[in-house]
Amino acid sequence: MLSPVLFNVLLQAIIDEVTRQLELAGITGGVTRVRYDGKELKWPPAGSRSGDILVRWLAYADDICIADSEAELSAILNNFNDVLTKFGMTLSAEKSF
């Protein structure tokens with residue numbers, strides 16, 4: 001039971017570090033917006049951004065969606081791989097594209 005919690009703590013630390021480094025490099029990552037209407041999250045209509053929630057990383061279990069274009073994905077994955085290496089982990093390139 002503790003293993004998934006520890007994985008999520010580690011993954012959040014990795015995401016925070018990657019986000020910090022990407023912001024320093026001027027790369028925004030796959031940012032999208034959602035809106036919470038009190039019951040569920042919905043895609044907001046175009047136009048007004050009032051009340052929107054910024055979502056930079058979409059993650060489920062060990063799958064993460066992080067980019068809007070192939071060029072951006074390449075830059076983010078290189079940065080992500082560098083941070084993973086610092087944490088003693090490796091990126092599975094075969095599963096990442």
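Residues numbered from 1 in each chain as written. Predicted model: local features only at pLDDT ≥ 70, side-chain atom pairs only at ≥ 80, totals over all residues. Heavy atoms only, no water.

**Some thoughts on the packing of helix α1 (residues 2-25) against helix α2 (residues 70-86)**
Put simply, the rule reads: Axis lines are fitted to C-alpha atoms, over the contacting stretch for helices. Their N-to-C directions set the angle, which ranges from 0 to 180 degrees. The helix count covers DSSP runs of H or I at least four residues long, the strand count covers runs of E at least two residues long, and both are numbered beginning at the N terminus. An angle below 35 degrees is read as roughly parallel, one above 145 as roughly antiparallel, one from 65 to 115 as roughly perpendicular, and any other as oblique. Crossing chirality is assigned from the near helix's rotation relative to the far helix, an anticlockwise turn below a right angle marking it left-handed and a clockwise turn marking it right-handed. We call two residues in contact when some of their heavy atoms are within 4.5 Å.
Close contact between α1 and α2 brings their axes to 10 Å; oriented N to C, the two are set at 130°. When the interaxial angle is binned, α1 and α2 end up oblique. Crossing handedness for the pair α1 and α2: right-handed. Judged by residue contacts, Ile14, Glu17, Val18, Gln21 and Leu22 of α1 engage Ile76, Asn79, Phe80, Val83, Leu84 and Lys86 from α2.

**Comments concerning the pattern of salt bridges**
Using the following cut-off: Any carboxyl oxygen of Asp or Glu that lies within 4 Å of a side-chain nitrogen of Lys or Arg is treated as forming a salt bridge with it.
Scanning all chains against the criterion turns up 1 salt bridge. Among the salt bridges present, the one from arginine 20 reaches glutamate 17, with a minimum N-O distance of 2.8 Å. Taken together, the positions of arginine 20 and glutamate 17, both in helix α1 and 3 residues apart, correspond to about one turn of that helix.

**A closer look at a nonpolar patch on the surface**
The following threshold applies: Patch criteria: residues need more than 30% relative accessible area and no salt bridge. Like-charged residues are merged within 9 Å; nonpolar side chains of Val, Leu, Ile, Met, Phe, Trp and Tyr are merged within 5 Å. Residue burial considers only the protein chains on display, and all accessible areas are found by Shrake-Rupley using a 1.4 Å probe.
Residues Leu2, Val5, Leu6 and Val9 make up a contiguous nonpolar surface patch of roughly 390 Å² in combined accessible area. By secondary structure assignment, the location of valine 9 is in helix α1.

**Things to note about the environment of tyrosine 36**
The following threshold applies: With a 1.4 Å probe rolled over the protein chains alone, any residue whose accessible area is under 20% of its type maximum counts as buried; one over 50% counts as exposed, and the rest are partly exposed.
As for its position among the elements, tyrosine 36 is in strand β1 (residues 32-36). When its relative accessible area of 47% is taken as the criterion, tyrosine 36 is described as partly exposed. In the structure, tyrosine 36 is positioned 17 residues away from isoleucine 53 in sequence and 7.8 Å away in space, judged by C-alpha atoms. With near-sequence residues (within four places) excluded, tyrosine 36 lies in contact with Leu41 and Ile53.

**So, α2**
Selection criterion: Expected span, for any helix, means 1.5 Å times one less than how many residues it has.
Over its 17 residues, α2 extends 24 Å from the first C-alpha to the last, a length consistent with the 24 Å expected when each residue adds 1.5 Å. When we look at burial in α2, the residues that qualify are Glu72, Ile76, Leu77, Asn79, Phe80, Val83 and Leu84.

**Here's the deal with the environment of alanine 25**
Its location among the elements puts alanine 25 in helix α1. We classify alanine 25 as exposed; its relative accessible area is 55%. Through-space distance from the C-alpha of alanine 25 to that of asparagine 79 is 9.9 Å; in sequence the pair is 54 residues apart.

**Some details on the confidence of the model for the protein chain**
Here is the rule we go by: pLDDT: the predictor's confidence for each residue, scored from 0 to 100.
Residues at a pLDDT of 70 or more form 71% of the protein chain, whose mean pLDDT is 77. Element-level pLDDT for the protein chain is lowest in strand β4 (residues 58-60), with a mean of 64, against a maximum mean of 85 in α1.

**Regarding α1**
Compared with the 34 Å implied by 1.5 Å per residue over 24 residues, the 35 Å span of α1 between its first and last C-alpha is a close match. Buried within α1 we find Leu11, Ile14, Ile15, Val18, Thr19, Gln21 and Leu22. Glycine 26 sits one or two positions beyond α1 and adopts a positive phi of about 80°.

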